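Summary of structural features
Each chain, letter by letter, is given below.
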Amino acid sequence: MKKILIIEDNEDVRENTADILKLAGYETTTAENGKIGLVKAKQLFPDVIVCDIMMPELDGYDVLKELSKNTKTARIPFIFLTAKTEKIDMRKGMNLGADDYLTKPFSEAELIEAIESRLKKFDFLKKEFSTTIEGVSQFIEDASKYLDVDHLSKNYAPQKYNKRAVLYMEGDKANSLYFIQKGAVKTYKTTEKGKEFVTGLCSSGHFVGQLSLLSNHGSYIESAAILEEAELYEIPKSDFTTLIHTNKEVANKFVSLISNNLVNVQEQMVNVAFSTVRQRVAKALLDIDKQGILLNNEANGIGIAREDFAGLIGTATETAIRMLTEFKDEGLITIGHARKIIIEDREALEDIALFG
């Protein structure tokens, strides 16, 4: 049973509202002023708060402000009750984060509809979605209902790519977001001298191209190529744009879903800037191994081209090879079949990554 907190100083309005919601199957709690209502909100964590604006002790605006400061209460759907209809009052409430308004006197149907609408939308915002194509499709389907739009794609067909295939090049028109169902993809930037700097290694469950679509350039800000046979789903830019620009809550949830390894990318940039080559090699080996990227199912080992590995750590291929040889001589790694790198002493590599 969903819990509704009603904060209203007028006893008749307060009790009538509670009776309507009880008959509709909701569990209700009432408070006769904002101060008491704030305490009950923090105690009960209701599913929806219905709150009058003009009240003694603490008005509705201040109640909403205080609730917004607490992470546990900030997201509770908040509906204002007001006898005022001036636009300036409505605008003030919405700017503070109110979800809806009911102008007194309101009908039973208006009240129930407002409550049900808020609960339906809040359920979507609380829902967790997996980083699988099924999870992405479910998110888009639920987002369509939340936004009340019907033009978003619901089903996507997988596309297969061979090893070394170029997904897109830096400067190409950014038309799609890609979801990796299987395989591995590297993203990279090319310097003026033609050298590659690998900005990321992405595997199953990761998205590629999101930064380019979020930028204002209209083109891909880096290149992407297939490192091992891959199966990708392509999400059109039109769907991406709708999910990002139509509603703030949907945008935040979508960005959270597609952000995958962007924090790792940032850490990688800092790593390249401030760590020694030895530290960068150790950290890169640990990161690739942890993510399960480029691991052969038939035998353990990181199967990555040395030029790609060099691009990942921001150094020359010759330097990367020399460091790997040093690690091999120290017993930290071994080189197996097809030049696969096998980690032998993880603890030592972790120490090098931290302390050099």
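For the structure, see preceding data.
Values in this document were obtained by computation on a predicted structure and should not be read as measured data.

We now examine the packing of aromatic side chains. This structure, assessed with the given rule, holds eleven aromatic pairs. When the centroid spacing of 5.5 Å and the interplanar angle of 10° are considered together, the rings of Phe139 and Phe254 count as stacked. Residue Phe139 is located in helix H6 (residues 133–147), and its partner Phe254 is located in helix H9 (residues 248–258); the two are separated by 115 residues in the primary sequence. Each member of the pair Phe139 and Phe254 is classed as buried. Over the ring of Tyr188 we find Lys186, and its NZ or CZ is 4.9 Å from the ring centre.

This brings us to the side chain of Glu8. As for its placement among the helices and strands, Glu8 is situated in the loop between strand E1 (3–7) and helix H1 (11–23). Among residues more than four places away in sequence, those in contact with Glu8 are Val13, Arg14, Ala31, Glu32, Asp52, Met55, Leu81 and Lys104.

The end-to-end C-alpha distance of H6 is 21 Å, a good match for the 21 Å that 15 residues give at a rise of 1.5 Å each. Looking at the buried side of H6, the elements it contacts are helix H5 (108–126), strand E8 (176–190), strand E10 (207–208), strand E11 (223–236), helix H8 (237–245) and H9. Asp148 occupies a position one or two residues after H6 and carries a positive phi of about 60°.

Backbone torsion omega between Lys104 and Pro105 reads 0°, so that peptide bond is classified as cis. For Pro105, the location among the structural elements is in the loop between strand E5 (100–103) and H5. If you check the backbone angles, Arg164 has positive phi at about 80° while not being a glycine.

Calculation notes
Residues numbered from 1 in each chain as written. Predicted model: local features only at pLDDT ≥ 70, side-chain atom pairs only at ≥ 80, totals over all residues. Heavy atoms only, no water. Phe/Tyr/Trp six-rings, centres within 6.5 Å; stacked < 30°, edge-to-face > 60°. Helix = DSSP H or I, 4+ residues; strand = E, 2+ residues; numbered from the N terminus. Buried < 20%, exposed > 50% of the residue type's maximum accessible area, 1.4 Å probe, protein only. Lys NZ or Arg CZ within 6 Å of the ring centre and 35° of its normal. Contact = heavy atoms within 4.5 Å. Expected span 1.5 Å × (residues − 1).

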